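A closer look at the structure
Residues per chain are reported as follows:
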Amino acid sequence: MSRLRRLPVLRRLSALRRLPPLRRLSALRRPKLVSLRTTFAVSFAAVTAVVTVLVGILSYGAAARLVRVDQQSVFTQVVQDVQAEVRQQEMVPDDFSSARPGHDVVRPSRTDVQVLGAQGQIVDHGSPGLPVTAGDRAVATAREAGKTVQYTDVRVGEDLFRIATVALGDGRGAVQVAQEFSDTEDLLRALQQRTLILMAAVVVAAGLFGWWLARRITRRLVLLTTAAEDVARTRRLGIEVPVAGLDEVGRLGRAFDRMLGRLAQSEEDQRRLVQDAGHELRTPLTSLRTNISLLRRIDELPPATRDELVADLTQEARELTDLVNELVDLAAGQSDTEPPQRVDLADLAEDVVGLARRRTGRDIVLRAAGDTSTDGRPAMLQRAISNLVENATKFDRDSGSPIEVRVTGPVPPRGHGPARTGAGATGPVRVEVLDRGPGIADGDLIRVFDRFYRAADARSLPGSGLGLSIVREVAMAHGGTPFALRREGGGTVIGFTVGGGLTGDTRDGP
């Protein structure tokens, strides 16, 4: 290898040595990128070339075979006619002379006739003159009329002939019939050349058309690729994807656009969750910091004040723990990895009610009707019902009335057995908790399910403002909706419906 040819290789190796080991290996193994447009165009041209070559070869072979067979059949027919004629009647060389009017040999195009005498001498020259061999002379002296000897690829001048010598019988001479086929081969060679030129033109045209078609098809894919690269480079999810159409590329563009929209919404939800969480955590942390600073002078405080300080610290730590746990549940999407299964909401509500009775000592009544089974995630649904019951016990402390939990499902048609067998029932299942607390103002009914929202008269009570937000997300994840109503006679009705099918996404919308 010369010095000039070694220089690019040495420069590349030198550049690779300056790279870190992992990047050096990646650079050595990195394949050369080939665009989809080039691949499509080359593939289109290759397929067209293969098809064109096969069709050209088969077409040329069939045409050449037909031409050669036709020429051979014409020559064979002429020879057979001469054989039949000399066998049927006694004929002499003068009968086949070209100078004699009405001579008996039919002369198709490119067919030559030459007459031999009794000794094999040429009596009537053909045009052009044909060679006479010992075999031809033997046939001329033969006793049997119609005896024939044939030759192929006989060169006469610059042309090729096939020759047949037919005996007249009784040693009277012979007739030589020759057919020129070099012109036919020249014609077939010309046809072959034109076929090759046509195939080359078709391949080139197919390549150009494939390049144009690939550019037209991949233009929208290039836009999608550019948009994806922009998202990866700038980390901005609000980039519009300018792709239209009703084919697969159009569907891909719309799906990509919806995906970016969902990712942007998810990013916005996470940002709002972090901001809201930071705001809500600031208050208990400030209170904790203040009380902790008082611990430095705990020996100076009276016993009652010390007990109150420790109680406040315990209560604030418990509230902070509850808030962190609810934030974790909310950020984790309510454990959406839990496998869905057939679940009876009345049974889940019964478990929740029993636990709440033991924990609070309150009178809680459960009423169930209809088919209360649905497809869902049991832990999520149980957490939603538990949040509703806890919310009711927190606000309904002094009414003395029992808290009601109602689970209502669709009623199966007649003939399907008991009401809660689930046979033939269709429609959503409704879960609601009714209390006789102070109620909710009309302006707060539409906001009680917002994250961290707490009504003015509830801010003095413990809680994070996330319980009902989790209820809303569970309901929406199961194809349902939450609701909050004012109860006749005072109090609140808060609940949700399920039964529309799992949505696969437990994060709420904007």
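For every chain, the first residue of the written sequence is number 1, and numbering continues from 1 along that sequence. Side-chain atom pairs in this predicted model are given and counted only at pLDDT of 80 or more, local residue features only at pLDDT of at least 70, and totals for whole chains, interfaces and linings cover all residues. Excluded from the side-chain calculations are hydrogens and water; all other atoms, namely the structure's heavy atoms, are used.

- Per an unreviewed UniProt entry, the protein goes by the name histidine kinase and belongs to Streptomyces shenzhenensis.
- UniProt positions are given in the numbering used here, feature names are shortened, and annotations may be inferred rather than shown by experiment. Quoted verbatim from the Subcellular location (unreviewed entry) heading of the UniProt record, the comment on the protein is "Cell membrane".
- If you open the UniProt record of the protein and go to Catalytic activity (unreviewed entry), you find "ATP + protein L-histidine = ADP + protein N-phospho-L-histidine."

**Some words on helix 9 (residues 378–395)**
- Under the scheme used here, helices are H or I runs from DSSP no shorter than 4 residues and strands are E runs no shorter than 2 residues, and both carry numbers assigned from the N terminus. By this rule the span expected of a helix is its residue count minus one, scaled by 1.5 Å. Along its 18 residues, helix 9 runs 26 Å from first to last C-alpha, staying within 8% of the 26 Å computed at 1.5 Å per residue.
- Buried residues of helix 9: Pro378, Met380, Leu381, Ala384, Ile385, Ser386, Asn387, Leu388, Val389, Asn391, Ala392 and Thr393, and no others. Only protein chains enter the calculation, and the probe is 1.4 Å; a residue is then buried if its accessible area is under 20% of its type maximum, exposed if over 50%, and partly exposed in between.

**Section: the nonpolar core**
- Counting 35 residues, the largest nonpolar core has Leu345, Leu381, Ile385, Val389 and Phe496 as the members making the most contacts within it.
- Elements supplying a minimum of two residues to this core: helix 8 (345–360), helix 9, strand 9 (403–408), strand 10 (429–435), helix 11 (467–477) and strand 12 (492–498).
- Among the elements that take part in this core, helix 9 stands out by supplying seven residues, more than any other.
- Setting aside residues no more than four positions away along its own chain, Ile385 makes contact with Leu345, Leu348, Ala349, Val352, Val431 and Phe496. Only buried Ala, Val, Leu, Ile, Met, Phe, Trp, Tyr and Cys residues count toward a nonpolar core, and they belong to the same one when joined by side-chain atoms within 4.5 Å. It only takes one pair of heavy atoms within 4.5 Å for two residues to be counted as in contact.

**Comments concerning the packing of aromatic side chains**
- Stacked, tilted and edge-to-face are the three classes applied to pairs of Phe, Tyr and Trp rings, where Trp contributes its six-membered ring and a pair requires centres within 6.5 Å; stacked means planes under 30 degrees apart, edge-to-face means over 60, and tilted covers the rest. Counted according to the given criterion, the structure contains one aromatic pair.
- Should the NZ of a Lys or the CZ of an Arg lie within 6 Å of a ring centre and within 35 degrees of the ring normal, that charge is described as sitting over the ring. It is Arg430 that lies over the ring of Phe483; its NZ or CZ is 4.0 Å from the centre.

**Quick word on empty space enclosed by the protein**
- Buriedness of a pocket was judged along seven lines, with at least five required to meet protein on both sides within 12 Å; pockets are open sets of points on a 1 Å grid over the protein atoms alone, cavities are sets where a 1.4 Å probe fits but cannot get out, and lining residues have an atom within 4 Å of a point. Grid points are joined across faces, edges and corners, and a volume is the space filled by probe spheres set on the points. Applying the stated criterion to the full structure yields one cavity of 30 Å³ or more.
- Approximately 40 Å³ is the volume attributed to the largest cavity.
- Lining the largest cavity are Leu388, Asn391, Ala392, Val433, Asp435, Leu468, Thr492 and Ile494.
- Taken together, the elements giving at least two residues each to the lining of the largest cavity come down to helix 9, strand 10 and strand 12.
- By residue number, the principal contributor to the lining of the largest cavity is helix 9, which donates three residues.

**Structural notes on the pattern of salt bridges**
- Any carboxyl oxygen of Asp or Glu that lies within 4 Å of a side-chain nitrogen of Lys or Arg is treated as forming a salt bridge with it. Enumeration according to the criterion identifies seven salt bridges in this entry.
- Close ionic contact of Glu404 with Arg367 constitutes a salt bridge, the shortest N to O distance being 3.1 Å. With a gap of 37 residues between them, Glu404 in strand 9 and Arg367 in strand 7 (residues 364–369) connect regions that are remote in the sequence.
- The exposure class assigned to Glu404 is buried, which follows from its relative accessible area of 13%.
- As a salt-bridge pair, Glu404 and Arg406 come within 2.9 Å of each other at their nearest N and O atoms.
- The class of Arg406 is partly exposed, set by a relative accessible area of 30%.
- Three or more residues joined by partner-sharing salt bridges are found here, namely Arg367, Glu404, Arg406 and Arg487.

**Some details on the sheet that holds strand 5 (residues 174–180)**
- When DSSP finds two or more bridges between a pair of strands, those strands are recorded as paired. Ordered by their spatial adjacency, five strands build an open sheet running 2-1-5-4-3, and the pairing between neighbours is antiparallel. Looking at the sheet topology across the chains shown, the edges are occupied by strand 2 (122–124) and strand 3 (148–156). Strand-to-strand twist of the sheet, defined as the mean angle between neighbouring strand axes without regard to direction, takes the value 30 degrees.
- Judged from the seven bridges that link them, strand 4 (residues 159–167) and strand 5 form a sheet pairing that is antiparallel. Within the sheet, the bridge partner assigned to Phe161 lies in strand 5 and is Glu180. Lines fitted to C-alpha atoms define the axes, with helix axes restricted to the stretch in contact, and inter-axis angles between N-to-C directions lie between 0 and 180 degrees.

**Structural notes on helix 11**
- A large share of helix 11 lies buried, amounting to ten of its eleven residues.
- Buried within helix 11 are the following residues: Gly467, Leu468, Ser469, Ile470, Val471, Arg472, Glu473, Val474, Ala475 and Ala477.
- Just downstream of helix 11 lies Gly479, where phi reads positive at about 75 degrees.

**Digging into the side chain of His478**
- Summarising the element assignment, His478 is placed in the loop between helix 11 and strand 11 (482–486).
- Given a relative accessible area of 1%, His478 falls into the buried group.
- In this structure the side chain of His478 is engaged in a polar contact, spanning 3.1 Å, whose partner is the backbone nitrogen of Arg377. Whenever two N or O atoms come within 3.5 Å, that pair is a polar contact, provided that in protein one can donate a hydrogen and the other can accept it, and provided that, for residues adjacent in sequence, both atoms are side-chain atoms.

**Some details on the side chain of Arg162**
- Here Arg162 shows up in strand 4.
- Residue Arg162 is classed as buried on the basis of its relative accessible area, which comes to 13%.
- Look past the residues within four positions of Arg162 in its chain and what remains in contact with it is Gln71, Gln72, Phe75, Tyr151, Thr152, Val177, Ala178, Gln179 and Phe181.

**Focus on the confidence of the model for the protein**
- Mean pLDDT for the protein: 75, with 76% of residues reaching 70 or above.
- pLDDT is defined as a per-residue confidence score from the predictor, taking values between 0 and 100. Summarising per-element confidence for the protein, the mean pLDDT is lowest in helix 1 (residues 3–17) (45) and highest in strand 9 (93).
- In the model, residues 1–10 has pLDDT below 50 throughout and makes one contact with residues more than four positions away in sequence or in other chains.
- Note that pLDDT drops below 50 for residues 417–424; the model gives that stretch 17 contacts with residues more than four away or on any other chain.

**A short note on the pairing of strand 10**
- Counting buried residues along strand 10, six of its seven residues qualify, which places the element largely inside the surrounding structure.
- Pairing between strand 9 and strand 10: five bridges, direction antiparallel. Its bridge partner being in strand 10, Thr408 is matched across the sheet by Arg430.
- Pairing geometry for strand 10 and strand 12, over seven bridges, is antiparallel. Residue pairing for strand 12: Leu434 is matched across the bridge by Val493.

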